[in-house]
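Coordinates in review
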Amino acid sequence: MEKEPDIEQLVAAAAAARNNAHTPYSRFKVGAALLLADGSIRDGCNIENASYGATVCAERVAILKARSEDPEMQIQAIAVVTQSATPSPPCALCLQVMAEFCSPDTPIILANTTGKRLRYRFDELLPHPFTQSLL
């Protein structure tokens with residue numbers, strides 16, 4: 001990702017998606033947004049379930065939604081917005097799904113609702129992903 005305005009727009013989209021989260025159990029709302037190679041932004045929010053294992057994180061919702069709408073989609077950057085004091089990284093399940101669709105240098109921007117931001121490359125968050133090359 002080359003332009004800072006894209007980051008602003010991406011974080012804003014993740015923050016807006018967070019408003020749609022279904023979190024009656026944890027009350028921990030998460031929004032995620034993907035910047036795709038075609039310049040479009042796709043978003044998602046976490047959706048909890050009374051059967052906790054059926055809960056789906058915002059990052060996976062965004063990725064699966066984008067992939068189901070565009071089989072050729074290419075992720076250029078991801079933003080995740082949470083309410084925690086320190087911006088929260090994606091969980092291990094989300095990182096594994098991201099490994100399927102992100103390059104090692106894909107920027108991952110973590111933000112909170114007070115404006116704090118952290119920026120990582122995907123390979124900093126998951127340095128040894130399980131990938132197709134291991135099958």
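Up top is the structure these notes are about.
Cut-off values and rules
Residues numbered from 1 in each chain as written. Predicted model: local features only at pLDDT ≥ 70, side-chain atom pairs only at ≥ 80, totals over all residues. Heavy atoms only, no water. Buried < 20%, exposed > 50% of the residue type's maximum accessible area, 1.4 Å probe, protein only. Helix = DSSP H or I, 4+ residues; strand = E, 2+ residues; numbered from the N terminus. Arc of directions from axis to C-beta. Contact = heavy atoms within 4.5 Å. Expected span 1.5 Å × (residues − 1). Pairing = 2+ DSSP bridges. Right-handed = clockwise from strand over helix to strand, strands pointing away.

1. Things to note about helix 3 (residues 92-101)
Listing the buried residues of helix 3 in full gives Cys-94, Leu-95, Met-98 and Ala-99. On an axial view of helix 3, the arc spanned by its buried residues comes to 150°, and they lie on one face. Counted as exposed and oriented over 90 degrees from the buried face of helix 3: Leu-93 and Glu-100. Packed against the buried residues of helix 3 are helix 2 (58-69), strand 3 (75-82), strand 4 (107-112) and helix 4 (122-125).

2. Details of helix 2
If you check helix 2, its first and last C-alpha atoms are 17 Å apart, about what twelve residues at 1.5 Å a residue would give, namely 16 Å. Regarding helix 2, the residues found buried are Ala-58, Glu-59, Arg-60, Val-61, Ala-62, Ile-63 and Ala-66. Those residues of helix 2 that are buried lie in contact with strand 1 (31-36), strand 2 (41-45), strand 3 and helix 3.

3. Comments concerning the pairing of strand 3
The side chains of a regular strand alternate, first on one face of the sheet and then on the other. The element strand 3 is extensively covered by neighbouring structure, given that seven of its eight residues are classed as buried. Relative to strand 3, strand 1 runs antiparallel, the two sharing six bridges. When the bridges of strand 3 are listed, Leu-36 appears paired with Ile-75. Two elements, strand 3 and strand 4, share five bridges in a ladder whose sense is parallel. Bridge pairing links Val-81 to Ala-111 in strand 4. Following the backbone out of strand 3, through helix 3 and into the adjacent parallel strand 4, one traces a crossover that is right-handed.

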